[in-house]
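# Structural features, examined
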Amino acid sequence: QVQLVESGGGLVQAGGSLRLSCVASASIYSINFMHWYRQAPGKQRELVATSTSGGTTNYADSVKGRFTISRDNAKNTVYLQMNSLKPEDTAVYYCAAVVLIGIFKAPSDYWGQGTQVTVSS
């Protein structure tokens, strides 16, 4: 199993930057997908960014050009660099991992507890 711990959230002015970290309890080299999700109060959870073990990254249209997801395999850590932050980015941000296990590629997913990001106007 994989345990995930997020950190790096906080309060920032519009236009500022934050870097979120997600530390995994296992080698992220073997984690097929790493995701960052976010959820604002009263709204559905949305996918923000994805990183695959093959090196592919994808972003929601709302954050393209501003957010960057990256991996540091040696530290078992995934980052979300957030620049040019807007009040609309305010949400709880969650790290998630999906692992395809064994020769049958059975999927297992794991979630962190979340970290609050608040962007003031």
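Structure first, text after, so check above.
Here's a quick rundown of the structure. (Residues numbered from 1 in each chain as written. Predicted model: local features only at pLDDT ≥ 70, side-chain atom pairs only at ≥ 80, totals over all residues. Heavy atoms only, no water.)

## Description of the state of the cysteines
Counted under the stated rule, the structure contains one disulfide. Bridging Cys 22 to Cys 95, the disulfide has an S-S length of 2.1 Å. Linking Cys 22 and Cys 95, the disulfide has an S-S dihedral of approximately -80° and is accordingly described as left-handed. Separated by 73 residues along the polypeptide, Cys 22 in strand β3 (residues 18-24) and Cys 95 in strand β9 (residues 91-101) bring together distant segments of the chain. The residues Cys 22 and Cys 95 share a single accessibility class, namely buried. (Disulfide = S-S within 2.5 Å. Helix = DSSP H or I, 4+ residues; strand = E, 2+ residues; numbered from the N terminus. Buried < 20%, exposed > 50% of the residue type's maximum accessible area, 1.4 Å probe, protein only.)

## Concerning the environment of Ser 62
The residue Ser 62 is located in the loop between β6 (57-59) and β7 (67-72) in this model. Of the residues examined, Ser 62 reaches a relative accessible area of 39% and is grouped as partly exposed. Here the alpha-carbon distance between Ser 62 and Glu 88, two residues 26 residues apart in the chain, equals 9.5 Å. Of note is the side chain of Ser 62, whose polar atom sits 3.4 Å from the side chain of Arg 38. (Polar contact = N/O pair within 3.5 Å; in protein donor to acceptor, adjacent residues only side chain to side chain.)

## Some remarks on the side chain of Thr 50
Along the polypeptide, Thr 50 turns up in strand β5 (residues 46-52). Sequence-distant contacts of Thr 50, that is, excluding residues within four places in its chain, are made with Phe 33, Met 34, His 35, Thr 56, Thr 57, Asn 58 and Ile 69. (Contact = heavy atoms within 4.5 Å.)

## What to know about the nonpolar core
In terms of nonpolar packing, the biggest core is built from 30 residues, with Leu 4, Trp 36, Leu 80, Met 82 and Tyr 93 touching the most fellow members. Put simply, the parts of the chain that give this core at least two residues each are β3, β4 (33-39), β5, β7, β8 (77-82), β9 and β11 (115-120). In terms of residue count, β9 provides more of this core than any other element does, five residues in total. (Core = buried A, V, L, I, M, F, W, Y, C linked by side-chain atoms within 4.5 Å.)

## Some words on the pairing of strand β1 (residues 4-7)
Residues of β1 alternate between two faces, with Leu 4 and Glu 6 buried on one and Val 5 and Ser 7 left unburied on the opposite face. Summarising the sheet, β1 and β3 pair through four bridges and their orientation is antiparallel. Note that in β3 the partner of Val 5 across the bridge is Val 23. (Pairing = 2+ DSSP bridges.)

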